[in-house]
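Working through the structure, step by step
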Amino acid sequence: MKTLNRRDFGVALAAAMLLPATTAHADDMEVHIDNFVFQPAELRIKVGTTVTWTNRDDIPHTVVSAGKFRSKTLDTDDKFSFTFTNAGDYKYFCSLHPHMTGMIKVE
Amino acid sequence: MSGHDHGEDGLSRRKVLECMTWAGTGVLWTITGGVPRSLGIIDSAQAATAAAPGMTFLQISDSHVGFDKLANPNALGTLEEAVNKINAMPVKPSFMIHTGDITHLSKAAEFDNADRIISQSKLDVHYVPGEHDFLDEDVKFYRERYGRGTKGAGWYSFDAGGVHFIGLVNVVDLKAGGLGNLGAEQLAWLEDDLRGKSKSTPIVLFAHIPLWTVYPEWGWGTEDGARALDHVKGFGSVTVLNGHIHQVMQKVEGNVTFHTARSTAFPQPAPGAAPSPGPMKVEDAKLRAMLGVASINFKQSEQRLAIIDTPLQG
């Protein structure tokens, strides 16, 4: 995964420089878990982007997209990162609190 | 509603009305926080208990051993206080049920610590898992300790004092956007388990997440809980005991009494009363009034089991 990330990083960075980007790096997107909510609940990103989830609750959570990715249990302040190498819609949820859902749209 | 549970003697008008409301609507919720007796009717139930002991068992829940955040930096300590409280009870209960979230993060040391404290009660303990008990990589610590003789993810039944107890697991295979989940296999087992049982057999169902829909916005309910309740419909007395929401809540619907127990670790807000169901930080002096255990008394002559919620303090 590491080497893959590095290659994609270059591609994503090049893409980011050509775009009127509002975020510094296309490969540096973040989702926070606050109050049992993924924020932002929906994220639109480019292929190759790495998304990092951070649990800021006092309760553990997970980040699971069926068949795509699954984090370990994230205790307070734990992080999970995933690099999206394929376009598509990635619905995900917390397997402990399934009412918590989110979406990553990869273009 | 059966007369004895609600104490025909010296029953106040308010209590009568309360019972009537319940019988009439069947959906009235009673929410209490920090009150020693969860409901008015419990007082009279306790008075009846003193006259004829019957069988008493305890419910303990959500000990979250390992939790050390602001809402309670010492969850192991308050568990020990709860066990001390149990040991000081005038009538020794027959056994205890634990409705899950024994640990906070399913670490071996957390399970060991929980067991070290809970075993000081010297009571048999019947466990069901909470979602916090299945967090280890191989999902084996809970099963190794408490899964023996159980089916599937850990469900089972047993008989005690003329009551049929059924421990259910509704914390695995949760679906995105959904609530707690029992699953087809467990429901089929439940149906089979109840087959041939006399309808007069009192039934106690216990599981971690409420089997009734308390507050779906926070995931407080079980997707297929109604299907489990369908299987116990014909029975004269059904008591459903849950944890997960860290507060006492009760409702009566026909012959079914639903009850959730306090946590021994930290309180959670009333439904919708906070931005999230996360641990609720209260003043240190108030914490122990919001933690506690429940004791449940059963007498052959009565339809309903009497439930007394006892806080650690207050």
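Residues numbered from 1 in each chain as written. Chains lettered and ligands numbered in written order. Predicted model: local features only at pLDDT ≥ 70, side-chain atom pairs only at ≥ 80, totals over all residues.

Take the overall build of chain B next. If you tally the helices and strands in chain B, you get eight helices and 12 strands. Residue burial in chain B is summarised as follows: out of 314 residues, 48% are buried. Residue pairs in contact within chain B that sit at least 24 positions apart in sequence constitute 72% of those at least 6 positions apart. (Helix = DSSP H or I, 4+ residues; strand = E, 2+ residues; numbered from the N terminus. Buried ≥ 20, exposed ≤ 12 C-beta atoms within 10 Å, placed from the backbone. Contact = placed C-beta atoms within 7 Å.)

Here chain A averages 84 in pLDDT, and 75% of its residues register 70 or above. A low-confidence stretch, residues 1-24 of chain A stays under pLDDT 50, and its non-local contacts, those more than four residues away or across chains, total 24 contacts. (pLDDT = per-residue confidence, 0-100.)

As a further point, take the sheet that holds strand 3 (residues 96-98) of chain B. Residue and element names in this part refer to chain B. Spatially, five strands are ordered 4-3-2-11-12 in an open sheet, and the strand pairing comes out mixed. Looking along the sheet, the strands with just one partner apiece sit at the ends: strand 4 (125-127) and strand 12 (306-311). Pairwise comparison of adjacent strand axes, ignoring direction, gives a mean angle of 25 degrees for this sheet. By the bridge criterion, six bridges tie strand 11 (residues 292-298) to strand 12 in an arrangement that is antiparallel. Its bridge partner being in strand 12, Ser295 is matched across the sheet by Ile308. On top of the sheet, helix 3 (residues 75-87) reaches strand 2 (55-60), strand 11 and strand 12; it is set at about 30 degrees to strand 11, its chief contact. (Pairing = 2+ DSSP bridges. Axes fitted to C-alpha atoms, helices over the stretch in contact; angles between N-to-C directions.)

Take the interface of chain A and chain B next. At the interface, 17 residues of chain A touch 17 residues of chain B. For the side of chain A that touches chain B, a count of residues per class yields six nonpolar, seven polar and four charged. (Nonpolar A, V, L, I, M, F, W, Y, C, P; charged D, E, K, R; others polar.)

Moving on: the environment of B:Ile245. All names here are of chain B. Its location among the elements puts Ile245 in the loop between strand 8 (238-242) and strand 9 (248-253). Judged by the 27 C-beta atoms lying within 10 Å of it, Ile245 is buried. Here the alpha-carbon distance between Ile245 and Glu185, two residues 60 residues apart in the chain, equals 26 Å. With residues near it in sequence (within four places) discarded, Ile245 still touches Pro210, Val214, Trp220, Thr260 and Gln268.

Consecutive side chains along a regular strand alternate between the two faces of the sheet. All names here are of chain B. Most of strand 7 (residues 203-207) is tucked away, with five of its five residues classed as buried. Bridge count between strand 6 (residues 163-167) and strand 7: four bridges; the pairing is parallel. Counterpart to Gly167 in the pairing with strand 7 is Phe206. Considered for its hand, the β-α-β crossover made up of strand 6, helix 6 (residues 184-194) and strand 7 is right-handed. Running through helix 7 (residues 225-231), the crossover from strand 7 to the neighbouring parallel element strand 8 is right-handed. (Right-handed = clockwise from strand over helix to strand, strands pointing away.)

What follows deals with the packing of helix 3 of chain B against helix 4 (residues 108-118) of chain B. Residues and elements named next belong to chain B. For the pair helix 3 and helix 4, interaxial distance at closest approach is 9 Å and the crossing angle is 25 degrees. Judged on the interaxial angle alone, helix 4 and helix 3 are roughly parallel. Note that helix 3 runs across helix 4; the crossing there is right-handed. Between helix 3, through Leu76, Leu79, Glu80 and Val83, and helix 4, the contact on the second element is made entirely by Asn113, Ala114, Ile117 and Ile118. Along the lines of polarity and charge, the residues of the contact of helix 3 with helix 4 split into six nonpolar, one polar and one charged. (Parallel < 35°, antiparallel > 145°, perpendicular 65-115°, else oblique. Left-handed = near helix turned anticlockwise from the far one by under 90°.)

A separate point is unusual backbone geometry. The linkage connecting A:Gln39 with the following residue, A:Pro40, adopts the cis geometry, with an omega of -5 degrees. Looking at where A:Pro40 falls in the secondary structure, it is placed in the loop between strand 2 (37-39) and strand 3 (42-45). The phi angle at B:Asp101 is positive, at roughly 60 degrees, despite the residue not being glycine. Within the fold, B:Asp101 resides in the loop between strand 3 and helix 4.

Now for helix 4 of chain B. All names here are of chain B. Those residues of helix 4 not exposed but buried are Glu110, Phe111, Asn113, Ala114, Ile117 and Ile118. With its buried residues spanning 165 degrees around the axis, helix 4 presents them on a single face. On its buried face, helix 4 sits against helix 3, strand 4 and helix 5 (141-146). (Arc of directions from axis to C-beta.)

So, on to the sheet that holds strand 7 (residues 79-83) of chain A. Residues and elements named next belong to chain A. Read across the sheet, four strands follow the order 2-1-4-7 without closing on themselves; strand pairing throughout is mixed. The open sheet has two edge strands, strand 2 and strand 7, and neither has a second partner. Within the sheet, the average angular offset between the axes of one strand and its neighbour, ignoring direction, is 20 degrees. Bridge count for strand 4 (residues 50-55) against strand 7 is five bridges, and the pairing is antiparallel. Looking at the pairing, Thr50 lines up with Thr83 of strand 7.

With that settled, consider the nonpolar core. Residues and elements named next belong to chain B. Ranked by internal contacts, the top residues of the largest apolar core, which has 72 residues, are Leu79, Leu168, Leu205, Phe206 and Ala207. When residues in this core are grouped by element, the largest group, six residues, is from helix 3. Those residues in contact with Leu168, other than ones at most four positions away along the chain, are Val128, Trp155, Leu182, Gln186, Leu205, Ala207 and Ala228. (Core = buried A, V, L, I, M, F, W, Y, C linked by C-beta atoms within 7 Å.)

In this section: the pairing of strand 2 of chain B. All names here are of chain B. Most of strand 2 sits out of view: five of its six residues are buried. Here strand 2 pairs with strand 11 via five bridges, running antiparallel. Considered in strand 11, the bridge of Met55 is made with Phe298. The pairing of strand 2 with strand 3 spans three bridges and is classified as parallel. Note that in strand 3 the partner of Ile60 across the bridge is His98. After leaving strand 2, the chain enters helix 3 and then returns to the sheet as strand 3, a path that is right-handed.

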